[in-house]
Amino acid sequence: MADETPRKGSFSALVGHTNGLTKPASLAAAAVTAKPGGAGGSKKLVIKNFRDRPKLPDNYTQDTWQKLHEAVRAIQSSTSIRYNLEELYQIMIRSIFLFLDRTYVLQNSTLPSIWDMGLELFRNHIISDKMVQTKTIDGILLLIERERSGEAVDRSLLRSLLGMLSDLQVYKDSFELKFLEETNCLYAAEGQRLMQEREVPEYLDHVSKRLEEEADRVITYLDHSTQKPLIACVEKQLLGEHLTAILQKGLDHLLDENRVPDLTQMYQLFSRVRGGQQALLQHWSDYIKTFGTTIVINPEKDKDMVQDLLDFKDRVDHVIDVCFQRSEKFVNLMKESFETFINKRPNKPAELIAKHVDSKLRAGNKEATDEELERMLDKVMILFRFIHGKDVFEAFYKKDLAKRLLVGKSASVDAEKSMLSKLKHECGAAFTSKLEGMFKDMELSKDIMVHFKQYMQNQSDPGSIDLTVNILTMGYWPTYTPMEVHLTPEMIKLQEVFKTFYLGKHSGRKLQWQTTLGHAVLKAEFKEGKKEFQVSLFQTLVLLMFNEGDGFSFEDIRMATGIEDSELRRTLQSLACGKARVLLKSPKGKEVEDGDKFLFNAEFKHKLFRIKINQIQMKETVEEQVSTTERVFQDRQYQIDAAIVRIMKMRKTLGHNLLVSELYNQLKFPVKVSGHRLVELLRLHTLGTVRPSLTASGVGCLSPDVAGHSPQRPPSECGERAASPVPRWLQRPPSSRRGPGPRLSASGVSPVPASWGSQRASGSL
């Protein structure tokens with residue numbers, strides 16, 4: 001029975017050490033058992049001895065001691081050992097020392113293990129020796145220096161040596177401090193030298209390469225505790241000490257050439273260094289302001305200013321998205337920088353943005369699809385947010401919109417309303433109320449013209465001219481200066497017919513005809529054949545004269561048409577000096593002079609049947625530009641007066657400089673405050689003679705800085721203005737029926753603008 005019982009044996013285990021060496025562990029259990037049905041359904045595990053007990057050779061002990069004896073004598077006599085070192089090591093460790101660990105040491109808890117004792121002896125008698133330690137550390141540092149210089153070294157040797165220092169617990173004191181000191185000196189000198197020799201992109205590539213190399217050294221043979229101070233040292237010496245120099249030397253160049261990969265690398269590297277992002281932010285802002293200012297300030301670049309700004313904004317956005325990881329700090333600073341430089345030139349950017357939108361929304365713009373046009377409007381709205389003179393934008397946009405609607409040059413009603421919706425969302429309903437009123441006028445005019453056509457059909461003499469009139473509400477539309485011209489009897493008769501029709505339906509209203517934006521379609525016969533001309537009303541009056549004769553002088557035409565001098569010169573220039581020369585000028589030249597004569601060009605040829613010559617109506621004259629700016633300036637007077645009273649009622653007492661600063665914060669355009677006007681406003685307000693809102697008072701003694709104007713008026717002109725309400729003249733107009741016969745349509749009748757529009761005259765030139 002005793003023989004059948006399983007014999008228990010004792011086992012020892014070798015526990016793995018982190019540095020690849022082993023230490024003896026405590027005895028393992030003779031058997032590991034688990035109850036059936038336990039966690040995981042484990043089964044009973046029984047560890048048994050070998051069935052046949054291992055047997056050693058008979059002379060094993062004698063041979064082993066003989067080998068050890070000869071090896072010790074060889075070491076003492078400094079002769080070579082004829083046995084394999086691996087075999088001797090196995091004999092020593094397995095047969096002697098580990099046996100002692102398993103038996104003797106385990107029974108005495110106060111005794112260290114063979115491993116611990118060996119480390120302690122090695123540390124005390126070998127590594128702690130100054131000469132040995134110095135040579136060892138210097139050798140290791142020399143190998144690392146060679147590797148940094150590009151030489152191939154034995155990395156396994158370095159790993160073993162540094163692992164040994166770590167196990168001996170002398171790594172930090174004996175190696176790491178000296179290693180970091182030499183690293184600091186190496187990269188400090190290297191940074192200074194390479195900043196002088198290399199361009200910024202190459203230098204940044206080198207920094208990235210060095211950081212990767214040092215990270216690889218940590219993984220391969222350095223202790224992990226060295227990683228943080230080592231990388232920090234490299235970053236400080238190669239980046240932190242040269243942040244300003246790198247940015248001054250290379251950022252502008254990288255941004256100018258849109259070198260996205262290099263900018264991405266710069267952002268990533270600067271983000272690793274304390275203060276790096278802040279320095280990059282500051283130089284980024286300076287670059288945007290400097291580059292943007294060159295676009296805005298130069299009057300010679302006004303023609304392309306808005307497109308250049310849009311392109312610059314796209315480029316900046318791309319850099320932020322791709323290179324700067326859409327960092328909110330960079331986005332916000334970009335917006336601030338754009339707002340700063342775009343307002344360095346007051347009013348002009350707002351004016352040019354409005355004109356840019358006009359060029360894109362005008363009929364004949366084939367550069368973009370509807371989707372591209374919508375994207376362009378979204379981009380323009382971003383620029384619009386930056387400008388302070390939004391009233392300037394409104395004035396010029398309103399003027400151009402009126403031309404597009406009245407002359408029929410709008411490319412798309414949907415695009416127009418989309419732009420209107422964007423403006424309303426950005427600035428509120430009050431900003432777009434007049435613009436929306438213009439569209440309502442056009443819709444109502446269409447309804448009126450439907451009834452007018454029915455009215456004309458019931459007349460005994462409907463006439464041969466098809467007239468279309470647009471009825472415009474004075475408060476919605478830009479102010480037009482009425483021009484009295486000599487219309488043909490047929491046109492005058494149609495005017496009276498429409499006046500009778502309209503006032504019969506809307507008593508108490510007054511019609512004021514506006515001829516500036518009238519246009520017509522004329523049929524003409526030449527030797528080549530029949531043509532149709534789409535012309536302005538002024539061009540129509542000039543061309544109809546040549547039904548009565550073949551040639552007229554400049555003075556004759558002016559007397560016959562009644563068109564004012566500068567407008568007549570533009571009209572004749574478009575007919576005789578443009579691409580479609582319906583008239584011939586004598587003498588030839590690009591400018592129209594007083595003594596010039598004009599002849600009908602019977603030899604006129606053109607590949608198109610209908611030719612548009614009325615583009616001059618869409619072009620802005622110098623007088624229009626000046627008058628629009630003046631109206632903006634006048635409107636600003638009321639805003640300034642109201643803001644002053646508002647501020648002083650709240651503050652009671654305020655210094656002049658603080659008042660100007662507060663005005664700018666509220667109005668967002670520069671102002672100059674006249675002391676006399678300030679005193680007068682406060683006196684009037686105290687006496688109660690000024691309305692609290694002051695929206696209809698004040699003149700120009702407080703003057704906004706409008707480009708090219710300094711409209712401070714004498715005190716005698718300062719006073720209340722336009723206190724009476726503006727009458728609501730008429731309302732609304734449509735387009736026209738397009739019948740088969742010749743027609744003359746007039747976009748006309750309104751409080752201020754009532755303009756002749758698409759006209760078609762019977763008869764031929």
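Check the entry above for the structure.
Small disclaimer: the values here were computed from a predicted structure and weren't measured.

Caption draft 1: Inspection of the overall build of the protein chain at higher detail. Check the secondary structure of the protein chain and you find 25 helices and 11 strands. Taking all 765 residues of the protein chain together, the buried fraction comes to 43%. Considering only contacts in the protein chain between residues 6 or more positions apart, those separated by 24 or more positions represent 70%. Looking at the protein chain as shown, the accessible area adds up to about 41700 Å², and 53% of this sits on carbon and sulfur atoms.

Caption draft 2: Local environment of the pairing of strand E7 (residues 597-600). Residues Phe598 and Phe600 point to one face of E7 and are all buried, whereas Lys597 and Leu599, pointing to the other face, are not buried. Relative to E7, strand E6 (residues 583-586) runs antiparallel, the two sharing four bridges. In the sheet register, Leu583 faces E7, and the bridge partner there is Phe600.

Caption draft 3: Spotlight on the environment of Leu168. Inspection of the secondary structure assignment puts Leu168 in the loop between helix H5 (155-167) and helix H6 (171-197). Judged by relative accessible area, which is 1%, Leu168 ranks as buried. As for Leu168 and Asp116, which are separated by 52 residues in sequence, their C-alpha atoms are 9.9 Å apart.

Caption draft 4: Fine view of the nonpolar core. Counting residues in hydrophobic clusters, the biggest one holds 89 residues, and the most contacted among them are Met266, Trp284, Phe393 and Tyr397. Here this core gets nine residues from one element, more than from any other, and that element is helix H16 (residues 390-407). Val485, Met491, Leu543 and Val582 belong to the second largest nonpolar core, which has 36 residues in total.

Caption draft 5: The state of the cysteines, seen in detail. Counted according to the given criterion, the structure contains zero disulfides. With no disulfide partner, Cys185 has as its closest neighbouring cysteine sulfur the one in Cys233, 8.6 Å distant.

Caption draft 6: Representation of the sheet that holds E6 within the structure. Pairing within the open sheet is antiparallel, and its three strands lie in the order E5-E7-E6. Looking at which strands have only one partner, the edges of the open sheet turn out to be strand E5 (551-553) and E6. Averaged over all adjacent pairs, the angle separating strand axes in this sheet is 25°, with direction ignored. Direction of pairing for E5 relative to E7: antiparallel, over a ladder of three bridges. Pairing of Gly551 across the sheet is with Leu599, part of E7. Running over the sheet, helix H22 (residues 565-576) touches E6 and E7 and is turned about 110° from E6.

Caption draft 7: Main features of helix H21 (residues 554-561). Every buried residue of H21 is listed here: Phe554, Ile557 and Thr561. Down the axis of H21, the sector holding all buried residues measures 65°, keeping them to one side. If you follow the buried residues of H21, they end up packed against helix H20 (537-545), E5, H22 and E7. After H21 finishes, the residue Gly562 shows a positive phi value of roughly 75°.

Caption draft 8: The arrangement of the packing of H16 against helix H23 (residues 622-651) in detail. Where H16 contacts H23, the two axes come as close as 9 Å, and the packing angle between them is 135°. By the criterion of interaxial angle, the relationship of H16 to H23 is oblique. Note on packing geometry: the crossing formed by H16 with H23 is right-handed. Residues Asp391, Val392, Ala395, Phe396, Lys399 and Lys403 of H16 form the contact with H23, whose own contacting residues are Glu624, Gln625, Thr628, Thr629, Val632, Arg636 and Gln639. Grouping the constituent residues of the contact of H16 with H23 by class yields four nonpolar, four polar and five charged.

Caption draft 9: Structural view of the environment of Leu659. Tracing the backbone through its elements, the reader meets Leu659 in helix H24 (residues 656-667). On a C-alpha basis, the gap between Leu659 and Ala643 in space is 9.9 Å, while along the polypeptide they are 16 residues apart.

Caption draft 10: Spatial organisation of unusual backbone geometry. Cis peptide bonds are those with omega within 30 degrees of zero, and the linkage from Ser586 to Pro587 qualifies with -5°. With respect to the helices and strands, the residue Pro587 is situated in the loop between E6 and E7. Backbone geometry at Asn258 places phi at a positive 55°, although glycine is not the residue there. One can find Asn258 in the loop between helix H9 (243-256) and helix H10 (260-270). Non-glycine residue Asn347 carries a positive phi angle of around 75°. With respect to the element layout, Asn347 can be found in the loop between helix H13 (328-342) and helix H14 (348-361). Taking the relative accessible area as the measure of exposure, Asn347 reaches 11% and is therefore buried.

Caption draft 11: Focus on the pattern of salt bridges. Under the definition given, this model contains 40 salt bridges. With a shortest N-O distance of 3.1 Å, Arg217 and Glu147 are connected by a salt bridge. Residue Arg217 is located in helix H7 (residues 200-220), and its partner Glu147 is located in helix H4 (residues 130-148); the two are separated by 70 residues in the primary sequence. A relative accessible area of 2% means that Arg217 is categorised as buried. Given a relative accessible area of 12%, Glu147 falls into the buried group. A salt bridge links Glu197 to Arg193, with the nearest nitrogen and oxygen atoms 3.7 Å apart.

Caption draft 12: View of the side chain of Gln237. Relative to the assigned elements, Gln237 resides in helix H8 (residues 227-238). If we skip the residues at most four places from it in the chain, Gln237 touches Asn184, Tyr187, Ala188 and His242.

Caption draft 13: Representation of the packing of H6 against H8 within the structure. Close contact between H6 and H8 brings their axes to 8 Å; oriented N to C, the two are set at 20°. It follows that H6 is roughly parallel to H8 by the angle criterion. The hand of the H6/H8 crossing is right-handed. Each of Phe179, Leu180, Thr183, Asn184, Tyr187, Ala188, Glu190 and Gly191 in H6 lies in contact with H8, whose residues at this interface are Pro229, Leu230, Cys233, Val234, Gln237 and Leu238. In terms of residue class, the contact of H6 with H8 is made up of nine nonpolar, four polar and one charged.

Caption draft 14: Quick look at the side chain of Arg123. Here Arg123 shows up in helix H3 (residues 114-127). A distance of 3.0 Å separates a polar atom in the side chain of Arg123 from the backbone oxygen of Leu168. Ignoring any residue separated from it by four or fewer positions in sequence, one finds Arg123 in contact with Ser128, Asp167, Leu168 and Val170.

What counts as what
- Residues numbered from 1 in each chain as written.
- Predicted model: local features only at pLDDT ≥ 70, side-chain atom pairs only at ≥ 80, totals over all residues.
- Heavy atoms only, no water.
- Helix = DSSP H or I, 4+ residues; strand = E, 2+ residues; numbered from the N terminus.
- Buried < 20%, exposed > 50% of the residue type's maximum accessible area, 1.4 Å probe, protein only.
- Contact = heavy atoms within 4.5 Å.
- Areas by Shrake-Rupley, 256 points an atom, 1.4 Å probe, with all protein chains shown as cover.
- Pairing = 2+ DSSP bridges.
- Core = buried A, V, L, I, M, F, W, Y, C linked by side-chain atoms within 4.5 Å.
- Disulfide = S-S within 2.5 Å.
- Axes fitted to C-alpha atoms, helices over the stretch in contact; angles between N-to-C directions.
- Arc of directions from axis to C-beta.
- Parallel < 35°, antiparallel > 145°, perpendicular 65-115°, else oblique.
- Left-handed = near helix turned anticlockwise from the far one by under 90°.
- Nonpolar A, V, L, I, M, F, W, Y, C, P; charged D, E, K, R; others polar.
- Salt bridge = Lys/Arg side-chain N within 4 Å of Asp/Glu carboxyl O.
- Polar contact = N/O pair within 3.5 Å; in protein donor to acceptor, adjacent residues only side chain to side chain.

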